[in-house]
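Descriptive analysis of the structure
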Amino acid sequence: AGAAVASGTASRDEMIEVGRLFEQLLGRERDEHAEKILRVLAPACKETDLQPARSEKELVRLNCLIDREHEASFSAAVHRAAESYSEDYVFNFSG
């Protein structure tokens, strides 16, 4: 299917299969990134809730409940997690 897709001669079923494989790969990649980020953030959180990504560009969407007195340590944890990623990734947090 890969050669047919690359040459533009793929059937509808082959294209659907390629799409399915891509979704599986993207899901595994998102899971790996979520685990990596959670290892850094979880100690600073009271609770965490992993949410589905809202777009193809969003890699991880995570809700974190923290105590107000731990806000600084949580912010530091977010920055530590972000340091392991290139400038191609953006970490946003609010609350």
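In this report, the structure presented in the accompanying data block is examined. From a predicted model like this one, the values you see are computed outputs, not experimental measurements. Within every chain, residues take consecutive numbers counted from 1 along the sequence as written. Selection of residues for local features in this predicted model requires a pLDDT of at least 70, selection of side-chain atom pairs for listing and counting requires 80 or more, and totals for whole chains, interfaces and linings are taken over all residues. The side-chain values count all of the structure's non-hydrogen atoms but skip hydrogen atoms and water molecules.

Focus: a negative patch on the surface
Applicable threshold: Two distance rules govern patches: like charges are joined within 9 Å, and nonpolar side chains (Val, Leu, Ile, Met, Phe, Trp, Tyr) within 5 Å, applied only to residues with over 30% relative accessible area and no salt bridge. Only the protein chains shown count as cover for residues, and the accessible areas themselves come from Shrake-Rupley with a 1.4 Å probe. Here a salt bridge means any side-chain nitrogen of Lys or Arg lying within 4 Å of a carboxyl oxygen belonging to Asp or Glu. Think of it this way: Lys and Arg go in the positive column, Asp and Glu in the negative one, and His and the chain ends go nowhere. Where a charge sits is defined by one atom per residue type, namely NZ (Lys), CZ (Arg), CG (Asp) or CD (Glu). When accessible area is computed with a 1.4 Å probe and restricted to protein chains, residues below 20% of their type maximum are described as buried, those above 50% as exposed, and intermediate ones as partly exposed.
A grouping of Glu 29, Asp 31, Glu 32 and Glu 35 is seen on the molecular surface, where their side chains present a negatively charged patch. Classification of Asp 31 by relative accessible area gives partly exposed; the value is 45%.

As for the packing of aromatic side chains
We count it as follows: In summary, the pairing rule links any two rings of Phe, Tyr or Trp, Trp by its six-membered ring, whose centres are within 6.5 Å, and it sorts them by plane angle into stacked for under 30 degrees, edge-to-face for over 60 and tilted for everything else. Only lysine NZ and arginine CZ atoms are considered, and such an atom sits over a ring when it is within 6 Å of the ring centre and within 35 degrees of the ring normal.
Inspection of the entire model under this criterion finds three aromatic pairs. Geometrically, the ring pair formed by Tyr 85 and Tyr 89 is edge-to-face, given 5.0 Å between the ring centres and 65 degrees between the ring planes. Taken together, a centroid distance of 5.4 Å and an interplanar angle of 55 degrees make the contact between Tyr 85 and Phe 91 tilted. The structure contains a cluster of three or more aromatic residues connected by ring pairs, namely Tyr 85, Tyr 89 and Phe 91. The ring of Tyr 85 is capped by Lys 36, whose NZ or CZ atom sits 4.4 Å from the centre of that ring.

Some points on the environment of His 70
What counts, and what does not: Note on conventions: DSSP H or I runs of at least 4 residues are helices, E runs of at least 2 residues are strands, and numbering of each starts at the N terminus.
You can see His 70 is positioned in the loop between strand S2 (61–65) and helix H3 (71–83). Each C-alpha atom of the pair His 70 and Lys 46 lies 9.6 Å from the other, and the pair is 24 residues apart in sequence.

Some details on the pattern of salt bridges
Tallied over the full model, the rule gives four salt bridges. A salt bridge links Glu 17 to Arg 20, with the nearest nitrogen and oxygen atoms 2.4 Å apart. One end of the pair, Glu 17, and the other, Arg 20, are both in helix H2 (residues 12–41), three residues apart, so they sit about a helical turn from each other. Residue classification places Glu 17 among the partly exposed residues on the basis of a relative accessible area of 31%. Across the salt bridge formed by Lys 46 and Asp 67, the nearest N and O atoms sit 3.4 Å from each other. Taken together, the residues Lys 46 in the loop between H2 and strand S1 (47–51) and Asp 67 in the loop between S2 and H3 connect sequence positions 21 residues apart. With a relative accessible area of 57%, Lys 46 lands in the exposed category. Relative accessible area serves as the criterion here: at 25%, Asp 67 is assigned to the partly exposed category. Overlapping salt bridges, with partners in common, bring together Arg 54, Glu 58 and Arg 61 in one network.

Here's the deal with the nonpolar core
For clarity, the threshold we go by: We call a set of buried Ala, Val, Leu, Ile, Met, Phe, Trp, Tyr and Cys residues a nonpolar core when their side-chain atoms join them within 4.5 Å. By definition in these notes, contact holds between two residues if any of their heavy atoms fall within 4.5 Å.
Counting eight residues, the largest nonpolar core is built from Ile 37, Leu 41, Ala 44, Cys 45, Phe 74, Ala 77, Val 78 and Tyr 85. Residue assignment for this core shows that the elements contributing at least two residues are H2 and H3. With three residues, H3 is the single largest residue contributor to this core. Every residue in contact with Val 78, bar those within four places of it in the chain, is listed here: Leu 41, Phe 91 and Phe 93.

A few points about H2
Think of an α-helix as turning once every 3.6 residues; residues three or four places apart then point the same way. Quick note on the threshold: Multiplying 1.5 Å by the residue count of a helix minus one yields the expected span of that helix.
Over its 30 residues, H2 extends 43 Å from the first C-alpha to the last, a length consistent with the 44 Å expected when each residue adds 1.5 Å. When we look at burial in H2, the residues that qualify are Leu 26, Arg 30, His 33, Ala 34, Ile 37 and Leu 41. If you follow the buried residues of H2, they end up packed against S1, S2 and H3.

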